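Geometric and topological summary
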Amino acid sequence: MLLRTYLPQILMSTSIAMAGIGLAARAAKGDEPRISGPFVHDNLAVYLVHGPSMPGPAPLTLDEALEKGTVKVVETGTVAELKVENTGGEDVLIHAGDIVKGGQQDRVVTTTFILKPKSGAVPLNVFCVESGRWAARGREDVARFASAKEMMPSAEAKKAMKMSLLADHDVSRVGSRRMDSGAAPDAAGLSTANVNEPVQRVESYVRAPNLQGEIWSEVGAIQEKLSKSVGGKVNAAVSETSLQLALENEKVAKAQQAYIDALKDKVGGDADVIGYAFAVNGRINSADVYGSASVFKKLWPKLLKASATEALSAREDADTAAAP
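So, how was this worked out
- Residues numbered from 1 in each chain as written.
- Predicted model: local features only at pLDDT ≥ 70, side-chain atom pairs only at ≥ 80, totals over all residues.
- Heavy atoms only, no water.
- Phe/Tyr/Trp six-rings, centres within 6.5 Å; stacked < 30°, edge-to-face > 60°.
- Buried < 20%, exposed > 50% of the residue type's maximum accessible area, 1.4 Å probe, protein only.
- Helix = DSSP H or I, 4+ residues; strand = E, 2+ residues; numbered from the N terminus.
- Polar contact = N/O pair within 3.5 Å; in protein donor to acceptor, adjacent residues only side chain to side chain.
- 1 Å grid on protein atoms, 1.4 Å probe; cavity = no way out; pocket = protein on both sides within 12 Å on 5 of 7 lines; lining within 4 Å.
- Points joined across faces, edges and corners; volume = space filled by probe spheres on them.
- Expected span 1.5 Å × (residues − 1).
- Pairing = 2+ DSSP bridges.
- Core = buried A, V, L, I, M, F, W, Y, C linked by side-chain atoms within 4.5 Å.
- Contact = heavy atoms within 4.5 Å.

Time to look at the packing of aromatic side chains. Applying the stated rule across the entire model yields 5 aromatic pairs. An angle of 35° between the planes, with centres 6.2 Å apart, marks the rings of Tyr290 and Phe296 as tilted. Across the pair, exposure class does not vary: Tyr290 and Phe296 are buried alike. Site record: aromatic cluster; members linked through ring pairs are Tyr276, Phe278, Tyr290, Phe296 and Trp300.

Tracing the backbone through its elements, the reader meets Asn43 in the loop between strand S2 (34-41) and strand S3 (44-50). Within polar-contact distance, the side chain of Asn43 engages the side chain of Tyr259 at 2.6 Å.

Another point: the layout of surface pockets. When its volume is computed, the second largest pocket comes out at roughly 270 Å³. Every element with two or more residues in the lining of the second largest pocket is listed here: helix H3 (155-166), helix H5 (209-230), strand S14 (283-290) and helix H8 (293-313).

Its 14 residues give helix H7 (residues 250-263) an end-to-end C-alpha distance of 20 Å, which sits within 8% of 20 Å, the value for a rise of 1.5 Å per residue. Turning to H7, its buried residues number three or more, namely Val252, Ala255, Gln256, Tyr259, Ile260 and Leu263. The N-terminus of H7 is capped by Asn249, whose side-chain oxygen sits 2.9 Å from the backbone nitrogen of Lys251.

Of all 7 residues in strand S11 (residues 122-128), 7 are buried, a share of seventy percent or more. Taking every second residue as pointing to the same face, both faces of S11 are buried, with Val122, Leu124, Val126 and Cys128 on one and Pro123, Asn125 and Phe127 on the other. For strand S6 (residues 81-86) and S11, the ladder comprises 4 bridges, and the chain directions are antiparallel. Among the inter-strand pairings, Glu81 is bridged to a residue of S11, identified as Asn125.

We now examine the nonpolar core. Within the largest apolar cluster, 45 residues are counted, with the highest numbers of intra-cluster contacts made by Leu44, Val46, Val129, Met152, Leu243, Tyr276 and Phe296. At the level of elements, S3, H3, H5, helix H6 (243-247), H7, strand S13 (273-280) and H8 are the ones that each hand at least two residues to this core. The element that contributes the greatest number of residues to this core is H8, accounting for 10 residues. Dropping the residues within four chain positions of it, Leu44 is found in contact with Phe39, Tyr259, Leu263, Phe278, Ala279, Val280, Leu304, Ser307, Ala308 and Ala311. The next biggest cluster of nonpolar side chains, apart from the first, holds 19 residues, and it includes Leu62, Val100, Phe113 and Val126.

See below:
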């Protein structure tokens, strides 16, 4: 019940432990999910979660909205908080793990919610994924962010982001009015309470100071592992600490694509796939389960890319362990 107070209906879980709770809740209602797979490439094994889905189309992703120019993500002068505003006429899914590129330093979003049309400026909780920079990078706009094409490729970092929410002693207040509180779900299975409420601002919100350090440490570990895996340094000369730029490295992109080409079509035409779990080197990593198959299908390429990156960074010289 604690998890349901601050997780929106669209996102049942972002860790394998949470997935068990979310699936158990569905099963208790008579909606027994089933698992297909594993679908395997190299050291990455993917399992699909099939189950009942809310009807209706998926909202825009943050990256789609940024490309259309209907959403603005801007600096506030604070490392841990940005502002986001939806000026368009469509719902936009802000997803935990989205990496926004630009500003004074690249950031990763820590919470998942729906940003309604004409939202006004809403606080956006983030962690930094580019230590040291606090100025313009090349010709990028120092005041705003241009894209959100990558997701955080690290289970450890995702755990830290969850802990940043649980650090609040009154966790039931975190976004509860917007994300739950009995509000009826819309066609995509998303809570649609008063869109003008400051859903991200929680005055008693406490961010444990060591969590940002953990994120920076994990970024460095990812870069080091990717460099070893692809046989060359992936850190970008213009900003060696930027995770986003490391993920754009040509060798990384080429190695990722082998995983993506092998697994991207596994969702196929199934209308009941609402999530997935994945294993790396024979060990379960994490899972994401949603209330809407259309939402999962739209997110699948980005989720798969992040999973491929995790597998690539953990690829070992020894024989790949069997998929669990």
